[in-house]
Amino acid sequence: MVEQAKIIINGKEYTIERILKDGTNYVKIRDLADALGYAVSSKGSTPVLTKK
């Protein structure tokens, strides 16, 4: 089940989507990258993060 969750990075709160499965949090890489100030592209199946 996908749900909205909060994440705090360097004292600032962001809303991201997450899936909690078997005690592990899975978050969308685009949500996390955006919160960190990165853009996401890909090289084949590998995500590539670059500073905005």
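Scroll up for the structure.
Residues numbered from 1 in each chain as written. Predicted model: local features only at pLDDT ≥ 70, side-chain atom pairs only at ≥ 80, totals over all residues. Heavy atoms only, no water.

(A) The sheet that holds strand β1 (residues 2-9), seen in detail. Strand order in the open sheet made by the three strands is β1-β2-β3, with antiparallel pairing throughout. At either margin of the open sheet sits one strand with a lone partner, and together these are β1 and β3 (24-27). The average undirected angle you get between the axes of adjacent strands in this sheet is 55 degrees. Two elements, β1 and strand β2 (residues 12-21), share eight bridges in a ladder whose sense is antiparallel. Bridge pairing links Ile9 to Lys12 in β2. Where helix α1 (residues 29-36) meets the sheet, it contacts β1, β2 and β3, and its direction lies at approximately 25 degrees from that of β1. (Pairing = 2+ DSSP bridges. Helix = DSSP H or I, 4+ residues; strand = E, 2+ residues; numbered from the N terminus. Axes fitted to C-alpha atoms, helices over the stretch in contact; angles between N-to-C directions. Contact = heavy atoms within 4.5 Å.)

(B) Inspection of the pattern of salt bridges at higher detail. Applying the stated criterion to the full structure yields four salt bridges. Of the charged contacts in the structure, one is a salt bridge between Lys52 and Asp34, with a shortest N-O distance of 2.5 Å. Of this pair, Lys52 sits in the segment after β5 (46-51) while Asp34 sits in helix α1; the two residues are 18 residues apart in sequence, bridging distant segments of the chain. By relative accessible area, which is 62% here, Lys52 ends up exposed. For Asp34, a relative accessible area of 47% corresponds to the partly exposed category. (Salt bridge = Lys/Arg side-chain N within 4 Å of Asp/Glu carboxyl O. Buried < 20%, exposed > 50% of the residue type's maximum accessible area, 1.4 Å probe, protein only.)

(C) Representation of the environment of Lys28 in the model. Mapped onto the secondary structure, Lys28 falls in the loop between β3 and α1. Each C-alpha atom of the pair Lys28 and Ser45 lies 15 Å from the other, and the pair is 17 residues apart in sequence.

Everything listed here is a matter of coordinates, which is why it stays silent on function.
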